[in-house]
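The lines below spell out each chain.
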Amino acid sequence: MLLQNFFSITSILLYGLLLEMVLSMSRKEIQAILFIHNKFRQRMAKTNPAFKIANMQKMKWDSAQQSTAEKHLSYGQDTAKHFNTGTLKGRFQVLSKADIREIIETWYRQGEKFNFQDKRCLSDCPQFANLVYPLMNTVGCEKKSNEDDSDPSVILGCSYGTNQFVLYKDKFEFEYGEPCSQCPEPNNFCDRNLCSRCNAISRKRNCY
(Lines give C-alpha, C1' and ligand atoms only; values in the text may rest on other atoms or scores of the structure.)
Protein backbone atom coordinates (compact mmCIF):
# COMPACT_ATOMS: atom_id res chain seq x y z
CA MET A 1 0.00 0.00 0.00
CA LEU A 2 2.81 2.40 0.93
CA LEU A 3 4.67 1.51 -2.26
CA GLN A 4 1.54 2.12 -4.31
CA ASN A 5 1.08 5.56 -2.70
CA PHE A 6 4.73 6.36 -3.36
CA PHE A 7 4.38 5.62 -7.07
CA SER A 8 1.11 7.60 -7.24
CA ILE A 9 2.72 10.67 -5.68
CA THR A 10 5.79 10.30 -7.91
CA SER A 11 3.58 10.09 -11.00
CA ILE A 12 1.73 13.27 -10.00
CA LEU A 13 5.01 15.15 -9.45
CA LEU A 14 6.46 13.97 -12.76
CA TYR A 15 3.25 14.96 -14.56
CA GLY A 16 3.52 18.44 -13.03
CA LEU A 17 7.13 18.74 -14.17
CA LEU A 18 6.16 17.76 -17.70
CA LEU A 19 3.39 20.36 -17.73
CA GLU A 20 5.71 23.17 -16.62
CA MET A 21 9.32 23.04 -17.79
CA VAL A 22 12.02 25.71 -17.93
CA LEU A 23 13.47 25.52 -21.45
CA SER A 24 16.98 26.63 -22.40
CA MET A 25 17.33 29.67 -24.64
CA SER A 26 18.75 29.13 -28.12
CA ARG A 27 21.48 31.35 -29.55
CA LYS A 28 18.99 32.94 -31.96
CA GLU A 29 16.59 33.70 -29.12
CA ILE A 30 19.37 35.33 -27.10
CA GLN A 31 20.40 37.45 -30.09
CA ALA A 32 16.78 38.49 -30.67
CA ILE A 33 16.27 39.39 -26.99
CA LEU A 34 19.37 41.62 -26.98
CA PHE A 35 18.52 43.21 -30.32
CA ILE A 36 14.96 44.07 -29.26
CA HIS A 37 15.96 45.32 -25.81
CA ASN A 38 18.51 47.67 -27.36
CA LYS A 39 16.08 48.81 -30.07
CA PHE A 40 13.64 49.97 -27.41
CA ARG A 41 16.47 51.60 -25.44
CA GLN A 42 17.58 53.42 -28.61
CA ARG A 43 14.02 54.57 -29.14
CA MET A 44 13.76 55.84 -25.58
CA ALA A 45 17.04 57.72 -25.91
CA LYS A 46 15.67 59.90 -28.71
CA THR A 47 11.86 59.54 -28.54
CA ASN A 48 11.35 63.04 -27.12
CA PRO A 49 13.41 65.69 -28.98
CA ALA A 50 13.29 68.00 -25.95
CA PHE A 51 14.53 65.28 -23.58
CA LYS A 52 17.11 63.15 -25.38
CA ILE A 53 18.83 60.75 -22.99
CA ALA A 54 22.59 61.15 -22.73
CA ASN A 55 23.49 58.16 -20.52
CA MET A 56 21.50 55.21 -21.91
CA GLN A 57 23.72 52.12 -21.81
CA LYS A 58 23.72 49.23 -24.25
CA MET A 59 22.47 45.92 -22.86
CA LYS A 60 24.78 42.88 -22.83
CA TRP A 61 23.86 39.24 -22.16
CA ASP A 62 24.81 37.93 -18.72
CA SER A 63 24.77 34.23 -17.81
CA ALA A 64 24.39 35.04 -14.09
CA GLN A 65 21.22 37.00 -14.83
CA GLN A 66 20.05 34.09 -16.98
CA SER A 67 20.48 31.76 -13.99
CA THR A 68 18.54 34.21 -11.83
CA ALA A 69 15.73 34.28 -14.37
CA GLU A 70 15.64 30.47 -14.41
CA LYS A 71 15.39 30.41 -10.61
CA HIS A 72 12.57 32.96 -10.54
CA LEU A 73 10.63 31.03 -13.21
CA SER A 74 11.18 27.68 -11.48
CA TYR A 75 9.85 28.99 -8.16
CA GLY A 76 7.11 31.20 -9.60
CA GLN A 77 8.72 34.42 -8.36
CA ASP A 78 7.08 36.62 -10.98
CA THR A 79 7.24 39.76 -8.83
CA ALA A 80 10.95 39.51 -7.95
CA LYS A 81 12.91 42.76 -8.08
CA HIS A 82 14.38 43.71 -11.48
CA PHE A 83 12.57 40.79 -13.16
CA ASN A 84 10.12 40.98 -16.07
CA THR A 85 7.75 38.28 -17.32
CA GLY A 86 5.44 37.99 -20.29
CA THR A 87 3.17 35.19 -21.52
CA LEU A 88 2.24 33.97 -24.99
CA LYS A 89 -0.65 31.59 -25.55
CA GLY A 90 0.12 28.45 -27.52
CA ARG A 91 2.93 25.89 -27.78
CA PHE A 92 6.43 27.23 -28.45
CA GLN A 93 9.66 25.27 -28.35
CA VAL A 94 11.54 28.19 -29.88
CA LEU A 95 10.41 31.83 -29.74
CA SER A 96 10.70 33.80 -32.98
CA LYS A 97 11.90 37.40 -33.06
CA ALA A 98 8.27 38.46 -33.57
CA ASP A 99 7.18 36.46 -30.50
CA ILE A 100 9.90 38.05 -28.38
CA ARG A 101 9.10 41.53 -29.66
CA GLU A 102 5.40 41.03 -28.84
CA ILE A 103 6.27 40.29 -25.20
CA ILE A 104 8.88 43.03 -24.75
CA GLU A 105 6.64 45.60 -26.43
CA THR A 106 4.04 45.09 -23.69
CA TRP A 107 6.73 46.07 -21.16
CA TYR A 108 7.61 49.18 -23.16
CA ARG A 109 3.96 50.23 -23.41
CA GLN A 110 3.80 50.58 -19.62
CA GLY A 111 5.67 53.85 -20.14
CA GLU A 112 3.25 55.41 -22.64
CA LYS A 113 2.47 58.16 -20.12
CA PHE A 114 6.04 58.70 -18.95
CA ASN A 115 6.65 62.23 -17.63
CA PHE A 116 10.01 63.31 -19.05
CA GLN A 117 10.06 66.54 -17.04
CA ASP A 118 9.80 64.73 -13.69
CA LYS A 119 11.52 61.52 -14.87
CA ARG A 120 8.62 59.44 -13.55
CA CYS A 121 5.86 57.18 -14.79
CA LEU A 122 2.36 58.51 -14.17
CA SER A 123 1.26 54.98 -13.24
CA ASP A 124 2.96 51.79 -12.05
CA CYS A 125 5.60 50.75 -14.62
CA PRO A 126 8.11 48.25 -13.14
CA GLN A 127 8.65 46.33 -16.38
CA PHE A 128 9.15 49.51 -18.40
CA ALA A 129 11.61 50.69 -15.73
CA ASN A 130 13.73 47.53 -16.02
CA LEU A 131 13.69 47.77 -19.81
CA VAL A 132 14.82 51.40 -20.18
CA TYR A 133 16.49 52.34 -16.89
CA PRO A 134 19.70 53.91 -18.27
CA LEU A 135 22.18 52.29 -15.86
CA MET A 136 20.89 48.76 -16.46
CA ASN A 137 23.46 47.15 -18.75
CA THR A 138 23.03 43.37 -18.36
CA VAL A 139 20.12 41.05 -19.02
CA GLY A 140 19.59 37.29 -18.93
CA CYS A 141 16.37 35.46 -19.78
CA GLU A 142 14.80 32.01 -19.71
CA LYS A 143 11.46 30.62 -20.78
CA LYS A 144 9.02 28.21 -19.16
CA SER A 145 6.43 26.17 -21.04
CA ASN A 146 3.02 25.18 -19.77
CA GLU A 147 1.92 22.12 -21.76
CA ASP A 148 -1.60 21.95 -20.35
CA ASP A 149 -3.75 20.75 -23.29
CA SER A 150 -6.59 23.09 -22.35
CA ASP A 151 -4.44 26.24 -22.16
CA PRO A 152 -0.83 25.82 -23.37
CA SER A 153 1.48 28.81 -23.06
CA VAL A 154 5.07 29.94 -22.62
CA ILE A 155 6.42 32.51 -20.17
CA LEU A 156 9.50 34.58 -20.96
CA GLY A 157 11.32 35.87 -17.87
CA CYS A 158 14.20 38.37 -17.94
CA SER A 159 16.43 39.43 -15.04
CA TYR A 160 18.37 42.71 -15.14
CA GLY A 161 21.55 44.01 -13.55
CA THR A 162 23.99 46.90 -13.50
CA ASN A 163 27.57 47.57 -12.46
CA GLN A 164 26.44 50.92 -11.01
CA PHE A 165 25.70 51.25 -7.31
CA VAL A 166 22.73 53.60 -7.77
CA LEU A 167 19.44 51.95 -8.74
CA TYR A 168 16.10 53.62 -9.25
CA LYS A 169 13.47 53.84 -6.55
CA ASP A 170 10.60 55.80 -8.03
CA LYS A 171 12.62 58.08 -10.30
CA PHE A 172 14.72 57.32 -13.37
CA GLU A 173 18.38 58.35 -13.45
CA PHE A 174 18.17 59.92 -16.90
CA GLU A 175 20.74 62.56 -17.84
CA TYR A 176 19.41 64.75 -20.63
CA GLY A 177 21.46 65.87 -23.61
CA GLU A 178 22.68 64.45 -26.90
CA PRO A 179 22.76 60.63 -26.80
CA CYS A 180 26.08 59.29 -25.46
CA SER A 181 27.24 62.74 -24.31
CA GLN A 182 27.15 61.69 -20.64
CA CYS A 183 28.11 58.02 -20.68
CA PRO A 184 28.85 56.66 -17.18
CA GLU A 185 32.30 55.30 -18.08
CA PRO A 186 35.05 57.46 -19.61
CA ASN A 187 36.03 54.86 -22.22
CA ASN A 188 32.51 54.34 -23.61
CA PHE A 189 31.81 54.78 -27.30
CA CYS A 190 28.50 55.59 -28.95
CA ASP A 191 26.70 52.69 -30.62
CA ARG A 192 23.43 53.89 -32.19
CA ASN A 193 22.62 56.31 -29.35
CA LEU A 194 23.70 53.83 -26.64
CA CYS A 195 26.80 53.97 -24.44
CA SER A 196 28.90 50.87 -25.07
CA ARG A 197 32.20 49.71 -23.62
CA CYS A 198 35.37 49.89 -25.69
CA ASN A 199 37.38 46.80 -26.55
CA ALA A 200 40.11 45.84 -29.00
CA ILE A 201 37.65 45.74 -31.88
CA SER A 202 35.35 48.60 -30.96
CA ARG A 203 38.22 51.07 -30.42
CA LYS A 204 38.01 51.71 -34.16
CA ARG A 205 34.51 53.15 -33.61
CA ASN A 206 34.21 56.53 -31.90
CA CYS A 207 35.76 55.61 -28.53
CA TYR A 208 36.32 58.50 -26.17
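Here's a quick rundown of the structure.

Criteria and cut-off values
Residues numbered from 1 in each chain as written. Predicted model: local features only at pLDDT ≥ 70, side-chain atom pairs only at ≥ 80, totals over all residues. Heavy atoms only, no water. Disulfide = S-S within 2.5 Å. Helix = DSSP H or I, 4+ residues; strand = E, 2+ residues; numbered from the N terminus. Buried < 20%, exposed > 50% of the residue type's maximum accessible area, 1.4 Å probe, protein only. Contact = heavy atoms within 4.5 Å. Axes fitted to C-alpha atoms, helices over the stretch in contact; angles between N-to-C directions. Left-handed = near helix turned anticlockwise from the far one by under 90°. Nonpolar A, V, L, I, M, F, W, Y, C, P; charged D, E, K, R; others polar. Phe/Tyr/Trp six-rings, centres within 6.5 Å; stacked < 30°, edge-to-face > 60°. Lys NZ or Arg CZ within 6 Å of the ring centre and 35° of its normal. Pairing = 2+ DSSP bridges. Core = buried A, V, L, I, M, F, W, Y, C linked by side-chain atoms within 4.5 Å.

Things to note about the state of the cysteines
Item 1. Applying the stated criterion across every chain yields a total of four disulfides.
Item 2. Residue pairing for C141: its cysteine sulfur links by disulfide to C158, the two sulfurs lying 2.1 Å apart. When the S-S torsion is 105 degrees, as for the bridge of C141 with C158, the disulfide is right-handed. Residue C141 is found in strand β6 (residues 138-146), and its partner C158 is found in strand β7 (residues 153-161); the two are separated by 17 residues along the sequence.
Item 3. Judged by its relative accessible area of 0%, C141 falls in the buried class.
Item 4. For C180, the disulfide goes to C190, at an S-S distance of 2.1 Å.

Considering the environment of R43
Item 1. Residue position: R43 is located in helix α2 (residues 27-46).
Item 2. Distance in space between the C-alpha atoms of R43 and V132 is 9.5 Å, their sequence separation being 89 residues.
Item 3. Setting aside chain neighbours within four positions, we find R43 in contact with R101 and Y108.

Looking at the packing of α2 against helix α4 (residues 97-109)
Helix packing for two helices is described by the angle between their axes and how far apart those axes are.
Item 1. Between α2 and α4, the shortest axis-to-axis distance is 10 Å and the interhelical angle comes to 35 degrees. α2 and α4 meet at a crossing whose hand is right-handed. Facing E29, A32, I33, F35, I36, H37, F40, R43 and M44 of α2, the residues of α4 in contact are K97, I100, R101, I104, E105, W107 and Y108.
Item 2. Of the residues assigned to the contact of α2 with α4, the class counts are ten nonpolar, one polar and five charged.

Overview of unusual backbone geometry
Item 1. You will see that H82, though not glycine, has its phi angle at about 55 degrees, which is positive.
Item 2. Among the structural elements, H82 can be located in the loop between α3 (63-74) and β3 (83-89).
Item 3. Judged by relative accessible area, which is 13%, H82 ranks as buried.
Item 4. Its identity is not glycine, yet C180 carries a phi of approximately 75 degrees, on the positive side.
Item 5. Turning to its location among the elements, C180 is positioned in the loop between β7 and β8 (188-191).

Considering the packing of aromatic side chains
Item 1. Scanning the entire structure with this criterion turns up eleven aromatic pairs.
Item 2. Arranged with centres 5.9 Å apart and planes meeting at 50 degrees, the rings of F114 and F128 form a pair that is tilted. Residue F114 is located in strand β4 (residues 114-115), and its partner F128 is located in helix α5 (residues 126-132); the two are separated by 14 residues in the primary sequence.
Item 3. Since its relative accessible area comes to 1%, F128 is described here as buried.
Item 4. Three or more aromatic residues joined by ring pairs form one cluster here, namely F40, F51, Y108, F114, F116, F128, F172, F174 and Y176.
Item 5. Seen from the ring of F35, K97 lies directly overhead, with NZ or CZ sitting 4.4 Å from the centre.
Item 6. Directly above the ring of Y176 sits K119, whose terminal nitrogen or CZ lies 5.1 Å from the centroid.

A look at the pairing of β3
Item 1. Among the seven residues of β3, five are classified as buried, and the element is accordingly described as predominantly covered.
Item 2. Sheet topology note: the β3/β7 ladder contains seven bridges and is antiparallel. The residue bridging T87 from the neighbouring strand is I155, located in β7.

Some words on the pairing of strand β9 (residues 194-197)
Item 1. Here four bridges tie β8 to β9, and the two strands are oriented antiparallel to one another. When the sheet's bridge partners are listed, C190 is paired in β9 with C195.
Item 2. Linkage of β8 to β9, two consecutive antiparallel strands, is achieved through a turn of two residues, within which R192 is found at a positive phi near 55 degrees.

Some words on the nonpolar core
Item 1. Ranked by size, the top nonpolar core spans 41 residues in total, and within it M44, F128, V132, L156 and F172 carry the most contacts.
Item 2. Those elements that provide at least two residues to this core are α2, α4, α5, β6 and β7.
Item 3. Once residues lying within four places of it in the same chain are set aside, the contact partners of V132 are R41, M44, M56, Y108, F172 and F174.
Item 4. Within the second largest apolar cluster, five residues are counted, among which are A69, L73, A80 and F83.

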